[in-house]
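So the chains spell out like this:
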Amino acid sequence: MPVEFLSDGEAAAYDRFSGAPSQAELERFFYLDDADRALIAERRGTHARLGFALQLTTARYVGRFLTDPLDVPDEVLVYLGEQLGIEDVSQTNQYTERRSTPFEHQEAIRKAYALKEFSQAEADFIVWASARAWNTGDGKKTIFYDGVMWLRTNKVLLPGVTTLARLVARVRDEATDRLYGALRGVLSPRQRVILEMLLEVPEGRRSSNLERWRKGPAAPSRRNLEKALELAAETLGVGLGVMPLPPEVPHRRMVDLARYGMQATATTLRRHGPSRQLATLLATVIYLEGKAVDDCLEMLDLLVTTELVGKAETATDKERVRQHPKLAKHSATLAAAVETLLEVTEYGEELRLDQVWEAIDAIVPRRELREAVAAVTEMVPSPDVDADGEMRALLASRIATVSGFLKTLTTVIEFGANAEGARALAAMKQLPRLLDGRKKKVTEADIDPELVTGSWKRLVFKSLPNGSTVDKNAYTMCVLTQFHRHLKRRDVYAEASARWRDPRGQLLDGAKWEAAKGPALVDLQLPEDPGRLLAEHALVLHLALNDVAGRAGQDGVDVSVDGEGRLHVAKLAALPEPPSLIDLRKRVLAMLPRVDLPELLLEVMGRVPEFEAAFTSVAGGVSKLADFHVSVAACLTAQSLNIGYAPVVKAGTPALERGRLSHVVQNCLSAETYTLGNGPLIDEQGKIGFAQALGGGLVAAIDGMRFVVPVPSIYTRPNKKFFGRSRGVTWLNMINDRGVGLGAKVVTGTVRDSLHMIDVAFRRDGGPRPEVLVTDTGSYSDVVFGLVHLLGMQYRPALADIPDQKGWRIQDADYGSLSRFARGKIDLEKIKRHWSDILRIVVSIYTGEIRAYDVMRMIQRDGNPTPLGEAIAHYGRIFKTLHILTYAVEEPYRRDIKGVRNLQESRHALAGKIFHGRKGEIYQRYYKGMEDQLGALGLVLNCVTLWNTFYMDRALDQLKAEGYPLAGEDVARLSPFVRQHINVIGTYSFAQPDLGPAGVRQLRNPDEPDWEEDIL
């Protein structure tokens, strides 16, 4: 194969049958409908009809006509013969006796099904492939296989593998070179020199400025925030972040370049050609400018939220609890006195004041009453004062914590604001002048009195001995807390930041929008005029509502509609496990070889050479270290098991000595190289028959796994439910229906998964883009439905509250029992009015210009959608209603969703077993450290999944060869996450396993007793 990105096996399987199709594939591609049968019936002779059917269905499945039309698996012949009533399928041998017959049939099929030759569609394909390569930066192999799907979708017969592979490689290389050239071209000679100097080590220092800038702050503290601001001032001083970039360059490509630049060593970057080196450094420095600002604002957020407000609230709550018995006692005294007063005034006769006091004194002595009034007045604020007064007073007393960084915050970081946040920002910029020690006397003329509200008035406005009428400490805290609130809502923002900038300003606009719009809309198949598209959706929704209304309540349909129009669906009962499945599962598990995790990793490296190569690419080519794979396996073992490096270090073994492992960790292992390593694992697992029996690889599930982080970090957040008294992070990860992990993202705290879900889907490590996304019940909203479907995927969250779901309609039709369910009205005109803005948002996400997380925050305000968000929600309600209807009436649909979610829960259980060291807690202070360690865990999980899939497939093959009855439905219910045979505890050996001449381990005999179980 002359094209390096396809292996010989992949090239050989391109345009032919690589094995017998599965039952699902037979039913999808080889089923003959009425039109097929009518066309086949026109052929004379049994062999001609069967041969015609064979070529027709082969073109659907393979994508082209075979040189030898009879070179097909027997299963295909038998399946077609059964449909055509032909028992003796051997008659097809006569099909090629007349040489022209197959060619005549091919021409008839082309005409009948409007199939095109590749030459007719080559220009359109190049446009698509060029747009895909330019916008996404996907690898050649991904574009190649997605291109095959594009050709099939557009009814184009596949060209030869070399033709297509070379074309994809050429188009992708041209797009990459064009990117490097465009970025280098915007740099002035001076800027090029500055970037090149970043790779040099200044005199008196041990590392380059680039490496120094990569490091971030650790524990949140006043002093660390001041240091972070100093680093931000230095980084922002380069000024590349404000330089205009070529509008046609997608932000997504800049992110990819920066990700590489953050990992590559200075030596590696110096080896690259000038265009690639400068383009990478430009993207990296722009990213570092944003990162420096992000680190400052993340630390500010954490200091205000937890160190200042959080601790002040805790102290106030403790004081209230301490005072509660005293308050309760005195309140009871006052209550008794008032009750007596009410009783005596109800006698109906005139009473003198001394008589009233006599009655009260009989119950509560006047001295105790005075004490109670004084105590309650002291402890309970007056009605016109808010309840935060005590907390705010404590804040004002902690001015020393903030005075240092407030003097430089608004001078180092340039902030902007909308109308709502402008006042707070203006006041924030004036604080350095007030905090200057030379400013002794502060009056109302020096501040903005309009910002001082509620209990702040009592704390701020007071006369002081030095003649001031304003307490500047209290005013400083008043301004800081309001500034922080507006910053969280992005009413105040920092344009140089990546996470704290104005989301509205990140959307594609002007020339950049015009440059990106065409290719992206072609790839997403979205029209600029939505009229026809919305009409099609309206028809589909109308037909679905009518269909479900007619089926509800019928025998065999588990959905009913009550008098209030609420849908009720029978609880999904667990599928019974037939004895055949129980026995098969037991046998397969008993056949799997026992293995230690380090040996498993070494075996996977030997079986997938591209996996090991991924760890050398960032370090600058092929590693010259002997037994490099052993060092990599040891580092992966230490990180994924969370045991540290001490248990894997072996003095006297060069590949396992501490210095070697330290070198490998620092230069070859990172989240970026794990992404590169995951790609080959995903591809290799997808080729195995057992993986294909589990699913098609186009359905993905996204869910979070929580980890406690007991060390101080600015990237963690508290949540008592998941983290107890500590703080933690969420590892939001995505797997496909074959069980292999596609990508992940580390999220601070436990924010809603839906805010990050789309970003995870677009950051996959490999494999085809999922067509379906499955999440839990807490991740969906109408807006998420709209965005996911606009981005070319289907969204299928689990639904736990079907009766509470509201349906939506477009047409004013009578839907019978579903009329009250579909009581919501979708406003197509609102969608049309905002369609151009919707497309701008979707293309901005698709090209990586903006995170979906930021879009979700931008189109919502205090939990309510903006008009643009409402338009996206209306679009999403079309698909949400279709999802609810299908979920209600189609049990297989519900089972598929539950199945892939159960699969992910099993993967999390396996992750828990592997990540067992240090109680499963992460001891990483920096975000990159967390990302790297959980990236290693995800990579090792994929290694285990691939290893299990490989040996389970061999076990199934052996059982089949021995005559064991294998049922396809039983095989599909086996789990690739079995773990009893994998050892992760004890001493760790990295000796290369002896796999014999076949290169695989011997399967165990399932009928022999397990010696470990006997001992136990």
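Residues numbered from 1 in each chain as written. Predicted model: local features only at pLDDT ≥ 70, side-chain atom pairs only at ≥ 80, totals over all residues. Heavy atoms only, no water.

A few words now on the overall build of the protein chain. In terms of regular secondary structure, the protein chain is built from 44 helices and 16 strands. The C-alpha atoms of the protein chain give 34 Å as radius of gyration, which agrees with the globular expectation for 1016 residues (31 Å, within 12%). For the protein chain, the C-alpha atoms occupy an extent of roughly 125 × 85 × 70 Å along the three principal directions. A total of 1016 residues make up the protein chain; the buried ones form 51% of that total. Each charge class in the protein chain was averaged separately, 130 positive and 133 negative side chains, and the resulting centres sit 6 Å apart. (Helix = DSSP H or I, 4+ residues; strand = E, 2+ residues; numbered from the N terminus. Rg over C-alpha atoms; globule rule 2.2 N^0.38 Å. Buried < 20%, exposed > 50% of the residue type's maximum accessible area, 1.4 Å probe, protein only. Lys, Arg positive; Asp, Glu negative; His and termini not counted. Charge placed at Lys NZ, Arg CZ, Asp CG, Glu CD.)

Let us now look at empty space enclosed by the protein. One pass over the full model with this rule turns up 1 cavity of 30 Å³ or more. The space that makes up the largest cavity amounts to roughly 40 Å³. If you trace the largest cavity, you find it lined by Trp213, Lys215, Leu231, Thr235, Leu288, Lys291, Ala292 and Asp295. Secondary structure elements with two or more residues in the lining of the largest cavity: helix H12 (222-236) and helix H15 (274-344). Per-element accounting of the lining of the largest cavity gives the leading share, 4 residues, to H15. Looking at the lining of the largest cavity residue by residue, the class counts come to 4 nonpolar, 1 polar and 3 charged. (1 Å grid on protein atoms, 1.4 Å probe; cavity = no way out; pocket = protein on both sides within 12 Å on 5 of 7 lines; lining within 4 Å. Points joined across faces, edges and corners; volume = space filled by probe spheres on them. Nonpolar A, V, L, I, M, F, W, Y, C, P; charged D, E, K, R; others polar.)

The UniProt record annotates "domain: DUF4158" (unreviewed entry) at residues 5-171. With 63% helix and 0% strand, the stretch residues 5-171 has end C-alpha atoms that lie 14 Å from each other. (UniProt positions renumbered as here; feature names shortened; annotations may be inferred.)

This part takes up the pairing of strand S8 (residues 727-736). For S8, the tally of buried residues reaches 9 of 10 residues, placing the bulk of the element in the interior. Here strand S6 (residues 699-709) pairs with S8 via 10 bridges, running antiparallel. Residue pairing in the sheet places Met705 in a bridge with Trp731 of S8. In this structure, strand S7 (residues 717-718) lies alongside S8, joined through 2 bridges in antiparallel fashion. From the neighbouring strand, Arg717 faces S8, where its bridge partner is Gly728. As paired elements, S8 and strand S9 (residues 741-748) share 7 bridges and run antiparallel to each other. Within S9, the position partnered with Val729 by the bridge is Thr748. Linking two consecutive strands that pair antiparallel, namely S8 and S9, is a turn of 4 residues; a positive phi of about 95 degrees is found at Gly739 within it. (Pairing = 2+ DSSP bridges.)

So, about helix H30 (residues 628-641). Look at H30: 20 Å from first C-alpha to last across 14 residues, which is about the 20 Å you get at 1.5 Å a residue. Of all 14 residues in H30, 14 are buried; the element is thus mostly enclosed. Residue Asn642 follows H30 closely and has a positive phi angle near 60 degrees. (Expected span 1.5 Å × (residues − 1).)

For the rest of this paragraph, the subject is the side chain of Arg877. With respect to the helices and strands, the residue Arg877 is situated in helix H40 (residues 867-889). Relative accessible area serves as the criterion here: at 9%, Arg877 is assigned to the buried category. For Arg877, the side chain forms a polar contact with the side chain of Asp782, separated by 2.8 Å. Sequence-distant contacts of Arg877, defined by excluding residues within four places in its chain, comprise Asp782, Trp808, Ile826 and Glu870. (Polar contact = N/O pair within 3.5 Å; in protein donor to acceptor, adjacent residues only side chain to side chain. Contact = heavy atoms within 4.5 Å.)

This paragraph deals with the packing of helix H41 (residues 891-914) against helix H42 (residues 927-961). H42 packs onto H41 with a crossing angle of 110 degrees between their chain directions and a minimal axis gap of 11 Å. One finds that H41 runs roughly perpendicular with respect to H42. Regarding H41 and H42, the two cross each other, and that crossing is right-handed. Every residue of H42 that contacts H41 at Arg907, Leu910, Ala911 and Ile914 is listed here: Leu937, Gly938, Val940, Leu941, Asn942 and Val944. For the contact of H41 with H42, the class distribution of residues is 7 nonpolar, 2 polar and 1 charged. (Axes fitted to C-alpha atoms, helices over the stretch in contact; angles between N-to-C directions. Parallel < 35°, antiparallel > 145°, perpendicular 65-115°, else oblique. Left-handed = near helix turned anticlockwise from the far one by under 90°.)

Time to look at the packing of aromatic side chains. Scanning the entire structure with this criterion turns up 22 aromatic pairs. Centre to centre, the rings of Tyr14 and Phe144 are 5.6 Å apart; their planes meet at 45 degrees, and the pair counts as tilted. Taken together, the positions of Tyr14 in the loop between helix H1 (8-12) and helix H2 (23-29) and Phe144 in helix H8 (residues 140-153) put the pair 130 residues apart, joining distant regions of the chain. Summarising the burial analysis for this pair, Tyr14 and Phe144 share the class buried. Aromatic side chains Phe118 and Phe125 sit 5.8 Å apart centroid to centroid with 65 degrees between the ring planes, which places their arrangement in the edge-to-face category. Among the residues examined, Phe125 registers a relative accessible area of 0% and is labelled buried. (Phe/Tyr/Trp six-rings, centres within 6.5 Å; stacked < 30°, edge-to-face > 60°.)

One widely used convention gives an interface's size as the accessible area the parts lose upon coming together. We note that the domain assignment places domain 1 (1-115) and domain 2 (383-501) within the protein chain. Using only C-alpha atoms to locate each centre, domain 1 and domain 2 end up separated by 76 Å. (Domains from an automatic or database assignment.)

Turning our eyes to something else, we now look at the pairing of S6. Sheet faces and side chains relate simply in a regular strand, where the side chains alternate between the two faces. Burial runs high along S6: 9 of the 11 residues are buried. Strand direction decides the pairing type here: S6 and strand S10 (residues 772-774), joined by 3 bridges, are parallel. Along S10, the bridge assignment pairs Ala701 with Val774.

Right, let's talk about unusual backbone geometry for a bit. The phi dihedral of Asp627 falls on the positive side, at around 55 degrees, and the residue is not glycine. Looking at the secondary structure, you find Asp627 in the loop between helix H29 (609-617) and H30. For Lys919, which is not glycine, the phi dihedral falls at a positive 60 degrees.

Where helix H9 (residues 161-185) meets helix H13 (residues 251-263), the axes come as close as 12 Å, and the angle between the chain directions of the two elements is 85 degrees. By the angle between their axes, H9 is roughly perpendicular relative to H13. For the pair H9 and H13, contact is made by Thr176, Leu179, Tyr180 and Leu183 and by Arg253, Met254 and Leu257, respectively. When grouped by side-chain class, the residues that make up the contact of H9 with H13 number 5 nonpolar, 1 polar and 1 charged.

Tracing the chain through its elements places Leu459 in helix H22 (residues 456-460). Sequence-distant contacts of Leu459, that is, excluding residues within four places in its chain, are made with Gly389, Arg392, Ala393, Asp471 and Ala474.

So, on to the pattern of salt bridges. Enumeration according to the criterion identifies 48 salt bridges in this entry. The salt bridge involving Glu577 is made with Arg585; its shortest N-O contact spans 3.2 Å. Its relative accessible area of 39% is what places Glu577 among the partly exposed residues. With a relative accessible area of 31%, Arg585 lands in the partly exposed category. A salt bridge links Lys880 to Asp782; the shortest N-O distance between them is 3.0 Å. Of this pair, Lys880 sits in helix H40 while Asp782 sits in helix H36 (residues 782-790), and the two are 98 residues apart along the sequence. In this structure Lys880 comes out as buried when scored by relative accessible area, which is 12%. Several salt bridges converge on common partners, so that one network encompasses Asp294, Glu298, Asp301, Lys488, Arg499 and Arg717. (Salt bridge = Lys/Arg side-chain N within 4 Å of Asp/Glu carboxyl O.)

A word on the state of the cysteines. The full count for this structure, using the stated rule, is 0 disulfides. Cys943 takes part in no disulfide bond, and the closest cysteine sulfur to it belongs to Cys635, at a distance of 14 Å. Since its relative accessible area comes to 0%, Cys943 is described here as buried. (Disulfide = S-S within 2.5 Å.)

Before going further, it helps to examine the nonpolar core. One finds Tyr475 and Leu636 to be the most contacted residues of the largest nonpolar core, which totals 223 residues. No other element matches H42, which puts 17 residues into this core. Residues within four places of Leu636 in sequence aside, it is in contact with Leu601, Met605, Phe611, Phe615, Tyr674, Ala936, Leu939 and Val940. (Core = buried A, V, L, I, M, F, W, Y, C linked by side-chain atoms within 4.5 Å.)

This paragraph deals with the side chain of His484. Inspection of the secondary structure assignment puts His484 in helix H23 (residues 472-488). For His484, the contacting residues outside a window of four places in its chain are Asp301, Val304 and Thr305.

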